[in-house]
Amino acid sequence: MNNTYQNILNKTNFKPNSNWLQIKTIDMHTGGEPLRVILDGFPELKGNSVLEYRRYCQQNFDHLRTALMFEPRGHADMYGCILTPPNDNEGDFGIIFLHNEGYSTMCGHAIIAISTLAVEMNWIDVKEGNNILKIDAPCGRITSFTHVENEKVTGVKFHCVPSFVVSLDNKVNVDGIGEVTYDLAYGGAFYAYVDMAKNNFDFDLKPESYRSLISKGMDIKHAVMKNDKEITHPFEEDLSFLYGTIFIDNKQQESGIDSRNVCIFAEGEVDRCPTGSGVSGRMAIHKARNEITYGEEMTIESITDSVFKGSIISEENYGPFKAVIPQVEGTAHIAGMHTFVIDPNDPMKNGFILR
């Protein structure tokens, strides 16, 4: 055996220079949608609440968001999170969500993944049955229930923040498409929900329509942002923006599947899972239309055929809105562990995106 190959076998550890930043992560996915959990090496965030930590990160370390989400360490559809202290002593921890455009207010797939990881990493005293976590997201407190059976995680349910309908059957003219009918609802983030049956599109919700979904979804998002003045959270200005477009096909897809969701969010990201916050908003829409009630469950699949289950736990008044507390259920898996390094002399250290 030659010396070079022998060195390859024996010298498998790389020691970064002392002035290189090292950031450790665990990568996961929920129904195919990635989550890069940043665990060590990220600079300390200052503040007294998740919204303040989020704002501080945006103002001081946004270059690290792009470094970890963009190429060459990530990609255009990458998603991540940073864990923070909770808003008060009743919470377990806080969470900030990262993506290609910036910082979202709520992310159901991340809640499912981080709840799974909390058990897998023994961050809590794990027991058989439901393990409860109180997680402070930018939109408010989320309660999750990680079910453990025979010492294995079998799934996660979470109760979202109050979710409500702003308006139904709105219409907007979109360049290149024409008139589009949509519902506006909030499930931790605002979405324009577009029912395929109410619109005449030349694409469907299959992977083959991936490019069209991005293009048309962003066109609809921008048209709604320009024309709809009702995208206002009743209590937090930081939450008052349209996050994305969700296309819905209510034709039964397979046995036991009630509907299909494809969410185009942020700067043209395509959610690989059915979108937890989107399902939350859908529960409010279906309740407003008398299409679901207590004790009933909807199974909603994504562009990858992964499935979330949605239901309604309760109702409450939330500012001027009659809101529901949705429950969303799914599963997540660990995909890998990374130590990313950032060389200050690398001209692409802050990342780039080619779609």
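Here the residue numbering is sequential within each chain, running from 1 through the sequence in written order. This being a predicted model, a pLDDT of at least 70 is required before a residue's local features are given, and a value of 80 or more before pairs of side-chain atoms are given or counted; all residues contribute to the totals for chains, interfaces and linings. The side-chain numbers reported here are obtained from all heavy atoms of the structure, hydrogens and water having been left aside.

## Observations concerning the nonpolar core
Working step 1: We call a set of buried Ala, Val, Leu, Ile, Met, Phe, Trp, Tyr and Cys residues a nonpolar core when their side-chain atoms join them within 4.5 Å. Accessible area is worked out with a 1.4 Å probe on protein chains only. A residue is then buried under 20% of its type maximum, exposed over 50%, and partly exposed in between. Ranked by size, the top nonpolar core spans 87 residues in total, and within it I142 and F247 carry the most contacts.
Working step 2: The helix count covers DSSP runs of H or I at least four residues long, the strand count covers runs of E at least two residues long, and both are numbered beginning at the N terminus. With eight residues, helix α4 (residues 108-120) is the largest single contributor of residues to this core.
Working step 3: Of the domains in this structure, domain 1 (18-159 + 334-342) and domain 2 (164-329) are the two that each give at least three residues to this core.
Working step 4: In this structure, A67, M78, L98 and F340 belong to the second largest nonpolar core, which totals 20 residues. The split of the chain into domains comes from an automatic or database domain assignment.

## Some remarks on the pattern of salt bridges
Working step 1: Salt bridges are defined by distance alone: a side-chain nitrogen of Lys or Arg within 4 Å of a carboxyl oxygen of Asp or Glu. Evaluation of the coordinates by the stated rule reveals 13 salt bridges.
Working step 2: A salt bridge links D62 to R65; its shortest N-O distance comes to 2.7 Å. Pair noted here: D62 and R65 are both in helix α3 (residues 62-69), with a separation of three residues, about one helical turn.
Working step 3: The exposure class of D62 is partly exposed, given its relative accessible area of 25%.
Working step 4: Judged by its relative accessible area of 5%, R65 is buried.
Working step 5: We note a salt bridge from K198 to D169, for which the minimum N-O separation is 2.9 Å. One end of the pair, K198, is in the loop between β10 (190-195) and α5 (210-227); the other, D169, is in strand β8 (residues 164-174), with 29 residues separating them in the sequence.
Working step 6: Exposure remark for K198: the relative accessible area of 40% places this residue in the partly exposed category.
Working step 7: Look at D169 and you get partly exposed, because its relative accessible area is 37%.
Working step 8: If you follow the salt bridges from partner to partner, you end up with D169, D183, K198 and R289 in one network.

Everything listed here is a matter of geometry and, on its own, says nothing about what the molecule does.
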